[in-house]
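Here's the letter readout for the chains.
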Amino acid sequence: MTPPASHAPPPPDPRSTHQLVLISGLSGSGKSVALAALEDSGYYCVDNLPPQLIAALVEQTRASGQLRVAVAVDARSAASLDDVPALLQTLRACCDVHAIYLDCATDTLVQRFSETRRRHPLTSRALAQHAGSPAAARGEGYANARIEAIELERELLRPVAEIGLHVDTSQMKAAQLRDWIKQAVRVPASQMVVLFESFAFKRGVPLDADYVFDVRMLPNPHYDPALRPLTGRDAPVAEFLLRQPEVLQMQADISAFLQRWLPRLAADHRSYVGVAIGCTGGQHRSVFLSERLSSEFGSRYTVLLRHRELGAKEQ
């Protein structure tokens, strides 16, 4: 809204003139895809920058007039990752800072490395730990080492895994991840983000969920042949579910829980809260309730909405 003529507009927030995006996550989780998406959007991108050089990069790019910067850090900088949370807190005084951590299920990462025939960066370290073991003698060393390399990397990245936006890429295609990253960095970093995500239990619970609500006991539109090919976004499905008292009661119960605890989380300086709502196939009930709840809470919080199974289906 335009301010009254008698009042001068407030001075711009200095953080709005310079944005820093920190990308981190597991090898194979999509860091290269995320960084490429930001580069396509006009960000100055640097991969594998040691954390101790980030502040200097911010100053240099500010001086040169490059106001959007993205940096990827990974386990190769493990010795200095403990310093990253404090560093980002300091930089928030002069930048709009986004931290995005890409996670992925271990079995999915194993499959990705197998398909691309790439070695995990920490495989040699894991193999060295298994040299001379009974598993190695049976020829099982490499398979075990790949899994242990992934778990070792999780542990090394723990200091950065718990800050900012946590994104589970296990069920994401590259195009979905690119769109999601571009959407996430448009959200003001000073606001707490609430993500409502629908999913199918048969494909696993999202790794980035703080709260998981199971709605499989609700009446299922799947059993109506006319509704089966539709989704929770379609009017006939919505009309069917709105006629079910249990559905409205479930929405009211989830809403009451979030109304009570989201303000406490915001007061605790949480930057992101993931609310996952799951049904059997992730097409009808979970989609419908995620849509309704995101609309309800969108007037009070910065809300993102993701339909995991619909996104996979549409690609």
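Residues numbered from 1 in each chain as written. Predicted model: local features only at pLDDT ≥ 70, side-chain atom pairs only at ≥ 80, totals over all residues. Heavy atoms only, no water.

Participant: What exactly am I supposed to notice about the overall build of the chain here?
Facilitator: On a plain count of helices and strands, the chain comes out with 13 helices and 9 strands. Evaluated residue by residue, the chain yields a buried proportion of 48% over its 315 residues. When contacts within the chain are restricted to residue pairs at least 6 apart in sequence, long-range pairs at least 24 apart make up 81% of them. Roughly 15,600 Å² of accessible area belongs to the chain as shown, and the carbon and sulfur atoms make up 53% of that amount. (Helix = DSSP H or I, 4+ residues; strand = E, 2+ residues; numbered from the N terminus. Buried < 20%, exposed > 50% of the residue type's maximum accessible area, 1.4 Å probe, protein only. Contact = heavy atoms within 4.5 Å. Areas by Shrake-Rupley, 256 points an atom, 1.4 Å probe, with all protein chains shown as cover.)

Participant: How should unusual backbone geometry be read in this particular structure?
Facilitator: The phi torsion of most residues other than glycine is negative, and most of the peptide bonds are trans. Despite not being glycine, N48 shows a phi value in the positive range, around 55 degrees. Structurally, N48 is set in the loop between β2 (44–47) and α2 (54–64). For H269, which is not a glycine, the phi torsion comes out positive at approximately 65 degrees. Of note, H269 is situated in the loop between α11 (245–267) and β8 (272–279).

Participant: Teacher, can you tell me more about the packing of aromatic side chains here?
Facilitator: Two aromatic rings, taken as a pair, are described by how far apart their centres are and by the angle between their planes. For the coordinates displayed, the defined rule picks out 4 aromatic pairs. Both rings, one in F196 and one in F297, keep their centres 6.0 Å apart while their planes meet at 35 degrees; by these two values the pair is tilted. Of this pair, F196 sits in strand β6 (residues 193–200) while F297 sits in helix α12 (residues 285–297), and the two are 101 residues apart along the sequence. Of the residues examined, F196 reaches a relative accessible area of 0% and is grouped as buried. What makes F297 buried here is its relative accessible area of 1%. The structure contains a cluster of three or more aromatic residues connected by ring pairs, namely Y211, F213 and F257. Of note, R68 hangs over the ring of Y43, and the distance from its end group to the ring centre comes to 4.6 Å. Above the face of the F201 ring, R216 is positioned so that its terminal group lies 3.8 Å from the ring centre. (Phe/Tyr/Trp six-rings, centres within 6.5 Å; stacked < 30°, edge-to-face > 60°. Lys NZ or Arg CZ within 6 Å of the ring centre and 35° of its normal.)

Participant: Could you clarify how one ought to interpret α2 in this entry?
Facilitator: Two residues of an α-helix separated by three or four positions point the same way, owing to the 3.6 residues in each turn. All buried positions along α2 are accounted for by I54, L57, V58 and T61. All buried residues of α2 project into a common sector of 100 degrees when viewed along the axis, lining one side. For α2, the exposed residues set more than 90 degrees away from the buried face come down to Q60 and A63. Here the buried face of α2 lies against β1 (19–25), β2, β3 (68–72) and α3 (84–91). In the segment just after α2, G65 is the residue with positive phi, at about 90 degrees. (Arc of directions from axis to C-beta.)

Participant: Sorry if this is basic, but what is going on with the pairing of β2 here?
Facilitator: On any regular strand, side chains alternate: one points to one face of the sheet, the next to the other face. Of the pairings in the sheet, the one linking β2 to β3 comprises 4 bridges and is parallel in character. Bridge pairing links V46 to V71 in β3. Handedness of the crossover joining β2 and β3 through α2 is recorded here as right-handed. (Pairing = 2+ DSSP bridges. Right-handed = clockwise from strand over helix to strand, strands pointing away.)

Participant: Before we go on, may I ask you to explain the side chain of T106 in this structure?
Facilitator: Examined against the element boundaries, T106 turns out to sit in helix α4 (residues 106–116). At a separation of 2.6 Å, a polar atom in the side chain of T106 contacts the side chain of E151. In terms of polar contacts, T106 uses its side chain to reach the side chain of R154, at 3.0 Å. Look past the residues within four positions of T106 in its chain and what remains in contact with it is I147, I150, E151 and R154. (Polar contact = N/O pair within 3.5 Å; in protein donor to acceptor, adjacent residues only side chain to side chain.)

Participant: I'm lost on the sheet that holds strand β5 (residues 165–168) in this one. Help?
Facilitator: Whether parallel or antiparallel, the strands of a sheet pair through hydrogen bonds between backbone atoms. Reading across from one edge, β2-β3-β1-β4-β5 is the order of the 5 strands in this open sheet, with parallel pairing throughout. Because the sheet does not close on itself, it has two edges, and the strands there are β2 and β5. For this sheet the average axis-to-axis angle between neighbouring strands, irrespective of direction, equals 20 degrees. Taken strand by strand, α2 contacts β1, β2 and β3, and its axis lies near 160 degrees from that of β3. (Axes fitted to C-alpha atoms, helices over the stretch in contact; angles between N-to-C directions.)

Participant: Looking at this structure, I do not really get the nonpolar core. What am I missing?
Facilitator: The tendency in soluble globular proteins is for nonpolar side chains to be buried as a group. Within the largest apolar cluster, 28 residues are counted, with the highest numbers of intra-cluster contacts made by L20, I54, V71 and L88. Counting only elements with at least two residues in this core, the list comes to β1, α2, β3, α3, β4 (96–103) and α8 (158–161). With 4 residues, α3 is the largest single contributor of residues to this core. Beyond its immediate chain neighbours, meaning those up to four positions away, L88 contacts L20, L22, V97, A99 and I163. (Core = buried A, V, L, I, M, F, W, Y, C linked by side-chain atoms within 4.5 Å.)

Participant: Would you explain the confidence of the model for the chain in this entry?
Facilitator: When pLDDT drops low, the exact placement of atoms in the prediction is not to be read closely. Counting all residues, the mean pLDDT for the chain is 86, and 89% of those residues have values of 70 or more. The low-confidence segment residues 1–15, where pLDDT is below 50, has 8 contacts with residues more than four positions distant or belonging to other chains. (pLDDT = per-residue confidence, 0-100.)

Participant: When you look at the packing of helix α10 (residues 235–242) against α12 in this model, what are you seeing that I'm missing?
Facilitator: Think of two packed helices as two axes; the pair is described by the angle between the axes and how far apart they sit. Viewed as axis vectors pointing N to C, α10 and α12 meet at an angle of 85 degrees, and their least axial separation amounts to 10 Å. In this view, α10 runs roughly perpendicular relative to α12, as classed from their interaxial angle. The residues of α12 that touch α10, namely those facing A238, L241 and L242, are R285, F288 and R292. Here the residues of the contact of α10 with α12 sort into 4 nonpolar, no polar and 2 charged. (Parallel < 35°, antiparallel > 145°, perpendicular 65-115°, else oblique. Nonpolar A, V, L, I, M, F, W, Y, C, P; charged D, E, K, R; others polar.)

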